[in-house]
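Read off the chains here:
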Amino acid sequence: MHTTRPISWFNRVLLTVLVAGAVWCAVTGVWLLAVVLAAAVAYLGLSIARARRGSGSDRSRVNAVQPFDERERDASTRALALVGQTSIIALMSIFIAQAATRDGRVDPVVAGVLIVLAAVWGVGIQVAVRRG
Amino acid sequence: MDNEVRRLRTERGLSQAALGAALGVSRQTINSLEAGRYDPSLPLAILLARFFATPVESLFHLPDESGPGRG
């Protein structure tokens, strides 16, 4: 009999962000987004609950970032690495395009997220190589 | 990597789901293992070998090497 797996750290953080966002939007009166975020929390919660029990397909569990075993962890890691690479390239492209078309001025949010991504990239490499 | 998992499992009358449950992995992972699409980690390979009471090198072999029952 399969045992229920713990919720992944990614889903704990994502659920926290979504719940906090839904409450924030409700408090500030942005009702449409509050409802959308609440619906996302409900859908994600159900997906995670199913995946934790090992129910459904391997694709649905990896899609929920709730891998059940080592093969699904490998698949999830490879897929999210692709997301990370794409994010860095996309954000770098936006950064360069803004700087080139706005006399060197860049949206501070774009610059900040790029710096955070680069820092996570550096730390991630250090941790991965050390554990390798 | 080729392996004898499917043969040993069917000899024991086990389903992929039952073997997966015994080893703590999904049915799909057993299916991928048997199809040669996924090479297991060393811990999982050892668990499989222990489950079937056979040495790891008898359970898994390189594609150009003959396994048991292959002549």
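Reading the values: the criteria
- Residues numbered from 1 in each chain as written.
- Chains lettered and ligands numbered in written order.
- Predicted model: local features only at pLDDT ≥ 70, side-chain atom pairs only at ≥ 80, totals over all residues.
- Heavy atoms only, no water.
- Axes fitted to C-alpha atoms, helices over the stretch in contact; angles between N-to-C directions.
- Helix = DSSP H or I, 4+ residues; strand = E, 2+ residues; numbered from the N terminus.
- Parallel < 35°, antiparallel > 145°, perpendicular 65-115°, else oblique.
- Contact = heavy atoms within 4.5 Å.
- Nonpolar A, V, L, I, M, F, W, Y, C, P; charged D, E, K, R; others polar.
- Polar contact = N/O pair within 3.5 Å; in protein donor to acceptor, adjacent residues only side chain to side chain.
- Domains from an automatic or database assignment.
- Buried area = accessible area lost by both parts, 1.4 Å probe.
- Salt bridge = Lys/Arg side-chain N within 4 Å of Asp/Glu carboxyl O.

All names here are of chain B. Where helix α2 (residues 16–23) meets helix α3 (residues 27–34), the axes come as close as 8 Å, and the angle between the chain directions of the two elements is 105°. The angle between α2 and α3 falls in the class roughly perpendicular. Residue-level contacts link Gln16, Ala17, Leu19, Gly20 and Leu23 of α2 to Arg27, Ile30, Asn31 and Glu34 of α3. Broken down by class, the residue content of the contact of α2 with α3 amounts to four nonpolar, three polar and two charged.

The next subject is the interface of chain A and chain B. If you look at the interface, chain A gives 13 residues, while chain B gives twelve residues. Remark: the boundary between chain A and chain B carries nine residue pairs in polar contact (both at pLDDT 80 or more). Mapped by element, the contributors of at least two residues to the side of chain A that touches chain B are α3 (58–63) and α4 (70–101) of chain A. The element best represented in the side of chain A that touches chain B is α4(A), accounting for four residues. Tallied by class, the residues present in the side of chain A that touches chain B amount to two nonpolar, three polar and eight charged.

In many reports, interface size means the accessible area that the parts give up when they come together. All names here are of chain A. In terms of domain boundaries, chain A breaks down into domain 1 (1–68) and domain 2 (69–132). When each unit is reduced to the centre of its C-alpha atoms, the spacing between domain 1 and domain 2 is 23 Å. Tallying the contact residues gives six residues for domain 1 and seven residues for domain 2. The contact between domain 1 and domain 2 buries some 610 Å² in all, and 59% of this surface belongs to carbon and sulfur atoms. Broken down residue by residue, the surface that domain 1 buries against domain 2 is led by Val62, Pro67 and Phe68, which jointly contribute 64%. Inspection of the region where domain 1 meets domain 2 yields two salt bridges. Applying the counting rule to domain 1 against domain 2 returns three residue pairs in polar contact (both at pLDDT 80 or more). Of the residues that constitute the side of domain 1 that touches domain 2, the class distribution is four nonpolar, no polar and two charged.

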